[in-house]
Amino acid sequence: MSDYDQLAYKLRKALGVWLLPFTSENIGTWTPSVKGTTIAGTFTYTNQSGHYTRLGNLVFAFGTVSISAIAVAPTGNLRIAGLPFTPDTLGEGKAGTTHINDWNGLTLGAGYTSIGGWVVNATTEIAITESGSNIQDAFLPAAGLVLVGGNAEITFTATYKVL
């Protein structure tokens, strides 16, 4: 059993759904991408990898995007796109949670020290936010995507509900 399958098994057992069978319908891969909300931008990716586990109406998605070149700069706010399933519509425009595990090549605004995000209702996108101590969180501007040492990378997880 692969490391990913072992993790999926542990999630299923912890959630009390360990008796559900593993099928191609509830474990799979997907291809994440990065985009701006106004102009999507055009990128050269060195890595676009994603895995997911779907347990009933819950999706656990894991992904990494690595960018080595920006041909057309994105504008608006930065998002991760291409989630494997469209989420349900929940309150405040947030259909699920996201954790940014590791990142580089992003410039945060003054006073901001970390990034996070959430799954956007009825889209296959993750809104990326920046936050800091004693400062209101905000969407991360797409202009904050820069190449540090010729690379930008975001590794993340998302948990969300589908219909």
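Residues numbered from 1 in each chain as written. Predicted model: local features only at pLDDT ≥ 70, side-chain atom pairs only at ≥ 80, totals over all residues. Heavy atoms only, no water.

Caption draft 1: Local environment of the pattern of salt bridges. Tallied over the full model, the rule gives three salt bridges. Here Arg79 and Glu125 are joined by a salt bridge, their closest N and O atoms 2.7 Å apart. Taken together, the positions of Arg79 in strand β5 (residues 78-81) and Glu125 in strand β8 (residues 125-132) put the pair 46 residues apart, joining distant regions of the chain. The same class applies to Arg79 as to Glu125, namely buried. (Salt bridge = Lys/Arg side-chain N within 4 Å of Asp/Glu carboxyl O. Helix = DSSP H or I, 4+ residues; strand = E, 2+ residues; numbered from the N terminus. Buried < 20%, exposed > 50% of the residue type's maximum accessible area, 1.4 Å probe, protein only.)

Caption draft 2: The packing of aromatic side chains, seen in detail. One pass over the structure, following the stated rule, counts four aromatic pairs. Arranged with centres 5.1 Å apart and planes meeting at 90°, the rings of Tyr52 and Phe85 form a pair that is edge-to-face. Residue Tyr52 is located in strand β3 (residues 42-55), and its partner Phe85 is located in the loop between β5 and β6 (94-104); the two are separated by 33 residues in the primary sequence. Across the pair, exposure class does not vary: Tyr52 and Phe85 are buried alike. Just above the ring of Phe85 sits the side chain of Arg54; from NZ or CZ to the centre is 4.9 Å. (Phe/Tyr/Trp six-rings, centres within 6.5 Å; stacked < 30°, edge-to-face > 60°. Lys NZ or Arg CZ within 6 Å of the ring centre and 35° of its normal.)

Caption draft 3: Highlighting the pairing of β6. Two strands pair when backbone bridges link them, and β6 and strand β7 (residues 114-120) are joined in this way by four bridges, in the antiparallel orientation. If you follow Lys94 over to β7, its bridge partner there is Val120. As paired strands, β6 and strand β10 (residues 152-161) are joined by eight bridges and run antiparallel to one another. Counterpart to Asp102 in the pairing with β10 is Thr155. (Pairing = 2+ DSSP bridges.)

Caption draft 4: Structural context of the nonpolar core. Core analysis: the biggest nonpolar cluster contains 30 residues, and Leu78, Leu145, Ile154 and Tyr160 have the highest contact counts within it. Of all elements in the fold, only β3, β4 (58-72), β5, β6, β7, β8 and β10 reach the threshold of two or more residues within this core. The element contributing the most residues to this core is β10, with five residues. With residues near it in sequence (within four places) discarded, Leu145 still touches Val34, Phe43, Ile67, Ile70, Pro74, Leu78, Gly105, Leu106 and Ala152. (Core = buried A, V, L, I, M, F, W, Y, C linked by side-chain atoms within 4.5 Å. Contact = heavy atoms within 4.5 Å.)

Caption draft 5: Focus on the environment of Val119. Mapped onto the elements, Val119 comes out in strand β7. Each C-alpha atom, one on Val119 and one on Thr86, is 9.6 Å from the other, the two residues being 33 residues apart in sequence.

Caption draft 6: Main features of the side chain of Thr155. You can see Thr155 is positioned in strand β10. Relative accessible area serves as the criterion here: at 19%, Thr155 is assigned to the buried category. Within the local environment of Thr155, its side chain forms a polar contact with the side chain of Thr64, the two groups lying 3.3 Å apart. Sequence-distant contacts of Thr155, defined by excluding residues within four places in its chain, comprise Gly63, Thr64, His99, Ile100, Asn101 and Asp102. (Polar contact = N/O pair within 3.5 Å; in protein donor to acceptor, adjacent residues only side chain to side chain.)

Caption draft 7: Seen up close, the side chain of Thr64. Looking at the secondary structure, you find Thr64 in strand β4. With near-sequence residues (within four places) excluded, Thr64 lies in contact with Pro32, Asn47, Gln48, Ser49, Glu153, Ile154, Thr155 and Phe156.

Caption draft 8: Quick peek at the environment of Val72. Looking at the element boundaries, Val72 is found in strand β4. The exposure class assigned to Val72 is partly exposed, which follows from its relative accessible area of 38%. Measuring from C-alpha to C-alpha, the distance between Val72 and Ile39 comes to 8.7 Å, with 33 residues separating the pair along the chain. Leaving out residues up to four positions away in the same chain, Val72 has contacts with Ile39, Gly41 and Thr42.

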